[in-house]
Amino acid sequence: MSETLSTDRKCPYCAESVKAAAITCRFCQRDISVDLLVEGEATPKQLHKAALNLLGCKPGTFSYQQLKSQLADNQAPLCSGIAYSDAQQLIQAADISPLSLVLRERHGPVEATTRPHNLPEAPQAPSQSRWLSTTLSLTVVVALIAATYYYLERQGRQSAASLDQEAALPTPRQRQRVQTTNSEPPAVEKVQEALIRATVTISDGSSIGSGFFIDADGYILTNAHVVEPMNSPIVYLENGSRYRAEVERIDRRLDVALLKVDGSRFSTLKLGDATTLTRGDTVWTIGAPHGLNFTLTKGIISYVGRNMNGIAYLQTDASINSGNSGGPMITEAGEVVGINTFIIRDAEGLGFALPSNYLFMSSNPILEGIVTTEEPHDQMEKWLAYADGANAYGVADNRRRVRPPTRSTSSMLDVLLRQSKELDATFQSRLNRANTDITRLTNDKKALEAQYFGENASSLSVSEETILGKKLKRLSSDIINRQIALLKTSKTYYRAKEKNIRQSLGYTNNNLLKSQLESAKQRVQGLLQQTESDLQSKYAELKTVQARKY
């Protein structure tokens, strides 16, 4: 009973670590629920006691008659398709002796059935054994004859073609290229999974773009023109998580930006060498075209190193639209070779991506200190030399890009003050809803306490008293959990408010407004510290209630 409940488990399909409370694996999207079975036999009196105990552990989930009948006939699962953590909780909390609860994986990889090693093989009838022996002998003889014939024929073909093969032997450079392009790519499903887990959608509600994780500590690559118009970019992951991002570095000439979100152990994509590409190579892109998040498209490389304004872009026919900017261009080998950057207006199949080499192989790469940087090799030196010449094709001015609007200091202050009011309104709405729920639960708790501790409490039977006590414990825990959630919401609000005030201070020269903002900043910081302290107190109170026995 004192054993700690597991908060994580391994998915039986993909072996990734998932939450014990999950019903579906967030990596392979398969059902990982479990069944709870009952083992053993019990007398009617023991069945009555076991049903009451289970009813107290999980009120509202079962009925008494249903529990009693299922405990008596343990052929069918007691619970089917529940979370692993719920099954653990029931096993540890429910005392249904002499019966026992057993957890069974509901789904999982099919394994071959094997006979236990301590059991002897079943004897076969003599006629059946002789027939099997004769059949095996004939099979072995036929296989040997076939193998000999195949070997002699193959040797003859190799001898006849040896002169032609020697005349067509590739040069060392060609052999290197063949090894690079013909290496066995991973399965398409794995490439798609890596794309989805490591790419993000970036938005602030008014504009949208894409990006991808380059480092497990939360560093994200995207286009500069994606984030520059955004006041407060939010990063969305495919699993539903979202994070507020900060712009760490930006290179406007290459139109690339490096973002950072709080967190670690994010899935990442590996950078490849774009100079090894040739026309016709298959590539994948992912992004949010017109807001359709995590859309995967396939195309080919149409041209490698197209010189536009001194930058050697990768040209592709893959479908790229508004919202794809900043997303990765990835090979079938799973390496990012470019960042989708722009398309040609009023054209079809003319998309362009910044080669990945510019990110880690230039005079001042944006990823310096994040990934291992390299000295430019011969081909990259040629690409870097494009910056010294003029645009050979004259189409760069026709590219479709989102340009950041120019804002004055006063307009930026107006935006920040408007955001502050929106933060206040959103928080007040959530605060009202949370207080309403907590008040309702508190009234329910008072009604239960009146039954448990009131004048008629002495007339309760032992089973009724046990059920009421466990309901009261569960209701108390629910109230504290709602209070903890409200404190977490308050904590998030105070942090956003403090950041908004700090930004506003940088855009005002009005001494009176500065004084008011400074006072507000100190007040918010004090509330943030108080919220942290209240959270610790509530966690301790929850632990005490959960350990209480009624």
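Residues numbered from 1 in each chain as written. Predicted model: local features only at pLDDT ≥ 70, side-chain atom pairs only at ≥ 80, totals over all residues. Heavy atoms only, no water.

A. Region of the structure containing the overall build of the protein chain. Across its full length, the protein chain holds twelve helices and 19 strands. Within the protein chain, the fraction of its 550 residues that count as buried is 37%. Put simply, of all contacts in the protein chain between residues at least 6 apart along the chain, 66% involve residues at least 24 apart. Accessible surface for the protein chain amounts to roughly 32400 Å². Of this, 50% is attributable to carbon and sulfur atoms. (Helix = DSSP H or I, 4+ residues; strand = E, 2+ residues; numbered from the N terminus. Buried < 20%, exposed > 50% of the residue type's maximum accessible area, 1.4 Å probe, protein only. Contact = heavy atoms within 4.5 Å. Areas by Shrake-Rupley, 256 points an atom, 1.4 Å probe, with all protein chains shown as cover.)

B. Broad picture of the nonpolar core. Counting 41 residues, the largest nonpolar core has I214, L221, L359 and L367 as its most contacted members. With residues up to four places along the chain from it excluded, the contact list for L359 reads L221, V256, L271, I339, L354, P365, I366 and L367. (Core = buried A, V, L, I, M, F, W, Y, C linked by side-chain atoms within 4.5 Å.)

C. Region of interest: the pairing of strand β7 (residues 208-215). Extensive coverage of β7 is indicated by the burial of seven of its eight residues. Hairpin geometry of strand β6 (residues 199-203) and β7 is characterised by an intervening segment of four residues between the two adjacent antiparallel strands and by a positive phi of about 95° at G205. Direction of pairing for β7 relative to strand β8 (residues 219-222): antiparallel, over a ladder of three bridges. Across the sheet, the residue bridging to F212 is L221, located in β8. What sits between the antiparallel neighbours β7 and β8 is a turn of three residues, in which G218 has the positive phi angle 105°. (Pairing = 2+ DSSP bridges.)

D. Fine view of the packing of aromatic side chains. One pass over the structure, following the stated rule, counts seven aromatic pairs. Here the aromatic rings of F213 and F266 are separated by 4.4 Å at their centres, their planes lie at 10°, and the arrangement is stacked. Of this pair, F213 sits in strand β7 while F266 is found in the loop between β12 (256-260) and β13 (270-271), placing the two residues 53 residues apart along the sequence. For the pair shown, F213 and F266 are each scored as buried. One residue, K260, lies across the ring of Y219, its end atom 5.5 Å from the ring centre. Lying over the aromatic face of Y303, R306 brings its terminal NZ or CZ to 3.7 Å of the ring centre. (Phe/Tyr/Trp six-rings, centres within 6.5 Å; stacked < 30°, edge-to-face > 60°. Lys NZ or Arg CZ within 6 Å of the ring centre and 35° of its normal.)

E. Fine view of the sheet that holds strand β9 (residues 234-236). The antiparallel open sheet is built from seven strands, whose spatial order is β10-β9-β6-β7-β8-β12-β11. Edge positions in the open sheet fall to β10 (242-244) and β11 (246-251), since each of these has one partner strand only. When the angles between neighbouring strand axes are averaged without regard to direction, this sheet yields 30°. Strand direction decides the pairing type here: β6 and β7, joined by five bridges, are antiparallel. In the strand pairing of β7, I202 is matched with G209. (Axes fitted to C-alpha atoms, helices over the stretch in contact; angles between N-to-C directions.)

F. Structural context of helix α12 (residues 511-547). Between its first and last C-alpha, α12 extends 55 Å over 37 residues, near the 54 Å set by a 1.5 Å rise per residue. Within α12, the full set of buried residues consists of L517, A520, K521, V524, L528, T531, L535, K538, L542 and V545. Check the buried side of α12 and you find it contacts α11 (462-505). Its side-chain oxygen placed 2.9 Å from the backbone nitrogen of L512, N510 serves as the N-cap of α12. (Expected span 1.5 Å × (residues − 1). Polar contact = N/O pair within 3.5 Å; in protein donor to acceptor, adjacent residues only side chain to side chain.)

G. Inspection of the pattern of salt bridges at higher detail. Enumeration over the complete set of coordinates arrives at eight salt bridges. Of the charged contacts in the structure, one is a salt bridge between D424 and K497, with a shortest N-O distance of 2.9 Å. Of this pair, D424 sits in helix α10 (residues 409-453) while K497 sits in helix α11, and the two are 73 residues apart along the sequence. Overall, the relative accessible area of 29% leaves D424 in the partly exposed class. A single salt-bridge network, built from bridges that share partners, covers K491, R495 and E532. (Salt bridge = Lys/Arg side-chain N within 4 Å of Asp/Glu carboxyl O.)

H. The arrangement of the side chain of N324 in detail. Relative to the elements of secondary structure, N324 occurs in the loop between β16 (311-316) and β17 (328-331). Here N324 falls in the buried class, since its relative accessible area comes to 1%.

I. Highlighting the confidence of the model for the protein chain. For the protein chain, the average pLDDT comes to 76, and 76% of its residues sit at 70 or higher. Segment residues 159-185 is flagged for pLDDT under 50; beyond a separation of four residues in sequence, or across chains, it makes seven contacts in the model. Here residues 390-408 scores under 50 on pLDDT; set against residues more than four positions off or in separate chains, the count is 39 contacts. (pLDDT = per-residue confidence, 0-100.)

J. Representation of a positive patch on the surface in the model. A grouping of R242, R244, R430 and R433 is seen on the molecular surface, where their side chains present a positively charged patch. Contributing elements (two or more residues each) for the positive patch: β10 and α10. Mapped onto the elements, R244 comes out in strand β10. (Patch = residues over 30% accessible without salt bridge, like charges linked within 9 Å, V, L, I, M, F, W, Y side chains within 5 Å. Lys, Arg positive; Asp, Glu negative; His and termini not counted. Charge placed at Lys NZ, Arg CZ, Asp CG, Glu CD.)

K. Here's a closer look at the environment of G310. Structurally, the position occupied by G310 is in the loop between β15 (295-308) and β16. Along the sequence, G310 and W383 sit 73 residues apart, while their C-alpha atoms lie 8.1 Å from each other. Those residues in contact with G310, other than ones at most four positions away along the chain, are R253, Y358, W383, Y386 and A387.

L. Seen up close, the sheet that holds strand β3 (residues 34-39). Here three strands make up an open sheet; going across it, the order is β4-β3-β5 and the pairing antiparallel. Each edge of the open sheet carries a strand with a single partner, namely β4 (79-82) and β5 (100-105). Geometrically, the sheet is characterised by an average inter-axis angle of 25° between neighbouring strands, direction not taken into account. Two elements, β3 and β5, share six bridges in a ladder whose sense is antiparallel. Opposite V34, over in β5, you have E105 as the bridge partner.

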